[in-house]
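Spelled out, the chains give:
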Amino acid sequence: MTKETLKPGPEMLEEKDAGISNLSRRNFLGYAGASASLLLFGAACKKNDSGLDLGSGDIGILNYAFALEQLEAAFYIKVASSFYTGATTDERALLTDIRDHEVAHREFFRAALGGSAIPNLEADFSSIDFTNRTSVLATAKAFEDLGVSAYNGAGPLLQSATYLTLAGKIVSVEARHAALIRDLISNGSFVGTDVVNPANGIEYARTPNEVLAIAGTYIKTKINASNLPS
Amino acid sequence: MNLLNIFKELEKVDPEFNERISPRRAAIKNMAGFGTKVALAAVPVALGSLLTKAYGQTQPTDVNGILNFALTLEYLEAEFYTMGVSAHGTLLAGTPAIGALTVIRDDENKHVAFLRSAIGATAVAKPNFDFTAGGTFPNPFLPTNYDVFLALAQAFEDTGVRAYKGQAPNLMGNKTVLAAALGIHSVEARHASHIRQMRKARGASTTKPWITGNDRGGIPAAAQAVYNGEELDTQAGARITGIAADGITITSAAATESFDEPLTYAEAFSIAKLFIK
């Protein structure tokens, strides 16, 4: 995949090999056999004019989640590497916790997908002023709310009950993040009418295409979600 | 109290009800025959255990059975916040706290209305609740017990998150219902996050918006079942503690915070049951 490998950029969502050294590389997805893995690997890494192919079926959905977790992890790593002006001790602790959660999610998907994982994506955070509280928290809010709506939309697309449970384990943590970030911006806004339908108290979901259209602002790598289930 | 009529009503919504409790039903019939004060005094206890037997132990296999379970949890939350806003409203007048509790109360009432509408004619009726769990907890609606109220609110929200999560795989056959359940699930998590921040502001200084290990965050020990199992740090065979990437090593605390764990039907029901008269 030499031609397809993305060149590391300054905002590269960079993989460190050490990052997965403690994780079982066992491909728990159930695709035993090197040839099957190679085929999947090839498919997952296929990149042409239409963008990086996430793949199809449950693998595609997991790669879609992996892409979003890459984005979130890269964002919070940058946030916590040099906090915005005026960040309180409390805010620093909370944002560092969130960073660690997103890194855990990202590395979990990397290990889970094994050879089917998409490569590291390249982020574009040029629109964010990391020194400015308003800019950082507004972006965090956008990412967290987007993540919740993405998982909520992806859940019914999964075929495997195991993956649905795993997605469920993660989405509620993203919702906890989202509520906290919203409260940091404006206390009491944890369930705003922009995210929760005021008629029935049910949170809105987004399709992969809707999510990627929004996330695309922050990802240089073009992503092709056309083979995802719908 | 006409128990036999109650059983007839229950049979209408749950055709298997009679079958499941028939030995005990016979016992109640005999007891009703006594007509003594002693027998009547024993009835509430007997009825409680009958209902537990009928609805508490077995995972429902049909969508409406699962939704009725969700509805029971939402009834509990809705009544809890309705009573709490009423009880603590004066004390909290003009604070962000009462605004937040009112928002959550309204969400829970909307969930009740939505589920009742989705289930239709077989929607279960609201049970009678005892938010002291038979005296286990102080009365959360006394002005001096506002912190008890918040502690129970946290326990109910975290239970709700875990219970919906546990039922999601059982709803895969109905995508519309699954989507709605997931949409309620994340709202409960948002509530949990906010309630936890409210408790932190009230002095529960180590409480975070997320669940660390199986720590119940200073809530009375009787609520430990709400958090048991949250200490899991291995997901689908991958150990999360110790992951190292980007100069960050994931601690055990972060590993358990990163993933909320599901409750089984029986686990969630046994928690709710504590508060059902």
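Residues numbered from 1 in each chain as written. Chains lettered and ligands numbered in written order. Predicted model: local features only at pLDDT ≥ 70, side-chain atom pairs only at ≥ 80, totals over all residues. Heavy atoms only, no water.

1. Concerning the overall build of chain B
When you go through chain B residue by residue, the secondary structure sums to 9 helices and 4 strands. Along chain B, helices (α) and strands (β) appear in the sequence α-α-α-α-α-α-α-β-β-β-β-α-α when read from the amino end. Within chain B, counting contacts between residues at least 6 apart in sequence, those at least 24 apart form 72% of the total. Roughly 11400 Å² of accessible area belongs to chain B as shown, and the carbon and sulfur atoms make up 58% of that amount. (Helix = DSSP H or I, 4+ residues; strand = E, 2+ residues; numbered from the N terminus. Contact = heavy atoms within 4.5 Å. Areas by Shrake-Rupley, 256 points an atom, 1.4 Å probe, with all protein chains shown as cover.)

2. Points about the environment of asparagine 63 of chain A
All names here are of chain A. Looking at the secondary structure, you find asparagine 63 in helix H2 (residues 57-81). The buried category is assigned to asparagine 63, whose relative accessible area is 0%. Taking C-alpha positions, asparagine 63 is 8.7 Å from arginine 110, a pair spaced 47 residues apart along the chain. (Buried < 20%, exposed > 50% of the residue type's maximum accessible area, 1.4 Å probe, protein only.)

3. A few points about the interface of chain A and chain B
If you look at the interface, chain A gives 62 residues, while chain B gives 58 residues. Here chain A and chain B share an interface that buries about 4800 Å² over both sides, 63% of which is from carbon and sulfur atoms. A per-residue breakdown of the area chain A buries against chain B is headed by Lys169, Arg176 and Phe190 of chain A, which together make up 17% of the total. With a shortest N-O distance of 2.8 Å, aspartate 158 of chain B and arginine 176 of chain A are connected by a salt bridge. Those elements giving two or more residues to the side of chain A that touches chain B turn out to be helix H3 (89-113), helix H4 (133-154), helix H5 (161-185) and strand S4 (202-203) of chain A. The leading source of residues in the side of chain A that touches chain B is H5 of chain A, at 18 residues. Here the side of chain A that touches chain B is built from residues that sort into 30 nonpolar, 17 polar and 15 charged. (Buried area = accessible area lost by both parts, 1.4 Å probe. Salt bridge = Lys/Arg side-chain N within 4 Å of Asp/Glu carboxyl O. Nonpolar A, V, L, I, M, F, W, Y, C, P; charged D, E, K, R; others polar.)

4. A few points about empty space enclosed by the protein
Residue and element names in this part refer to chain A. If you walk through the whole model with that rule in mind, you get 7 cavities of 30 Å³ or more. Empty space within the largest cavity amounts to approximately 90 Å³. If you go around the largest cavity, you meet 13 residues; those closest to its centre are Ile61, Ala65, Tyr151, Ala154 and Ala167. Counting only elements with at least two residues in the lining of the largest cavity, the list comes to H2, H4 and H5. The element best represented in the lining of the largest cavity is H2, accounting for 5 residues. Grouping the constituent residues of the lining of the largest cavity by class yields 12 nonpolar, 1 polar and no charged. (1 Å grid on protein atoms, 1.4 Å probe; cavity = no way out; pocket = protein on both sides within 12 Å on 5 of 7 lines; lining within 4 Å. Points joined across faces, edges and corners; volume = space filled by probe spheres on them.)

5. Some remarks on the side chain of threonine 241 of chain B
Residues and elements named next belong to chain B. Relative to the elements of secondary structure, threonine 241 occurs in the loop between strand S2 (238-239) and strand S3 (244-245). For threonine 241, the side chain forms a polar contact with the side chain of aspartate 233, separated by 2.3 Å. When sequence neighbours within four positions are dropped, the list of residues in contact with threonine 241 reads Asp233, Ile250, Thr251, Ser252 and Ala255. (Polar contact = N/O pair within 3.5 Å; in protein donor to acceptor, adjacent residues only side chain to side chain.)

6. What about the nonpolar core?
Ranked by size, the top nonpolar core spans 147 residues in total, and within it Phe75 and Phe125 of chain A together with Leu101 of chain B carry the most contacts. A total of 16 residues in this core trace back to one element, the largest contributor, which is H2 of chain A. Residues in contact with phenylalanine 75 of chain A, not counting those within four places in the same chain, are Phe125, Ile128, Phe130, Val136, Thr139, Ala140 and Phe143 of chain A. (Core = buried A, V, L, I, M, F, W, Y, C linked by side-chain atoms within 4.5 Å.)

7. A short note on the side chain of arginine 199 of chain B
All names here are of chain B. Structurally, arginine 199 can be placed in helix H7 (residues 175-201). It turns out arginine 199 is buried and unbridged, and the closest side chain with the opposite charge, aspartate 147, is 6.6 Å from it. Beyond its immediate chain neighbours, meaning those up to four positions away, arginine 199 contacts Leu150, Ala151, Gln154, Ala204, Thr207, Gly217, Gly218 and Ile219. (Lys, Arg positive; Asp, Glu negative; His and termini not counted.)

8. Regarding the packing of aromatic side chains
In this structure the tally under the stated criterion is 25 aromatic pairs over all chains. Taken together, a centroid distance of 5.8 Å and an interplanar angle of 45° make the contact between phenylalanine 75 of chain A and phenylalanine 130 of chain A tilted. Here phenylalanine 130 of chain A lies in the loop between H3 and H4 and phenylalanine 75 of chain A lies in helix H2, a separation of 55 residues in the sequence. Residue classification places phenylalanine 75 of chain A among the buried positions, given a relative accessible area of 0%. Accessibility expressed as a relative area gives 12% for phenylalanine 130 of chain A, which makes it buried. Between phenylalanine 80 of chain B and tyrosine 81 of chain B, the aromatic rings sit 5.5 Å apart at their centres with planes inclined by 75°, giving edge-to-face as the arrangement. Comparing phenylalanine 80 of chain B with tyrosine 81 of chain B, the two get one shared label, buried. Each member of the aromatic cluster is reached from another via a ring pair, and the members are Phe80, Tyr81, Phe129, Phe131, Phe137, Phe141, Tyr146, Phe149, Phe156 and Phe275 of chain B. (Phe/Tyr/Trp six-rings, centres within 6.5 Å; stacked < 30°, edge-to-face > 60°.)

9. Focus: the pattern of salt bridges
Applying the stated criterion to the full structure yields 22 salt bridges over all chains. As a salt-bridge pair, lysine 220 of chain A and glutamate 122 of chain A come within 3.6 Å of each other at their nearest N and O atoms. Linking lysine 220 of chain A in the loop between helix H6 (208-215) and strand S5 (223-224) with glutamate 122 of chain A in the loop between H3 and H4, this pair joins segments that are 98 residues apart in sequence. Residue lysine 220 of chain A is classed as partly exposed on the basis of its relative accessible area of 47%. Here arginine 239 of chain B makes a salt bridge to aspartate 233 of chain B, at a shortest N to O gap of 3.2 Å. Look at arginine 239 of chain B and you get partly exposed, because its relative accessible area is 44%. The structure contains a network of salt bridges with shared partners spanning Asp145, Arg182, Asp194 and Glu203 of chain A together with Arg190 of chain B.

10. A word on the confidence of the model for chain A
Residues with a pLDDT of 70 or more make up 79% of chain A, whose mean pLDDT is 85. pLDDT under 50 marks residues 1-45 of chain A. Its contacts with residues more than four places away, or in other chains, come to 77 contacts. (pLDDT = per-residue confidence, 0-100.)

11. Side note on the confidence of the model for chain B
Looking at chain B as a whole, the pLDDT averages 85, with 79% of positions reaching at least 70. In the model, residues 1-54 of chain B has pLDDT below 50 throughout and makes 41 contacts with residues more than four positions away in sequence or in other chains.

12. A look at unusual backbone geometry
It is generally the case that most residues other than glycine have a negative phi and that most peptide bonds are trans. Residue and element names in this part refer to chain B. With phi around 50°, alanine 133 is a residue other than glycine that occupies positive phi space. Mapping alanine 133 onto the fold places it in the loop between helix H5 (96-119) and helix H6 (146-167). A positive phi angle, near 50°, is found at alanine 236, a position not held by glycine. Among the secondary structure elements, alanine 236 is positioned in the loop between strand S1 (234-235) and S2.

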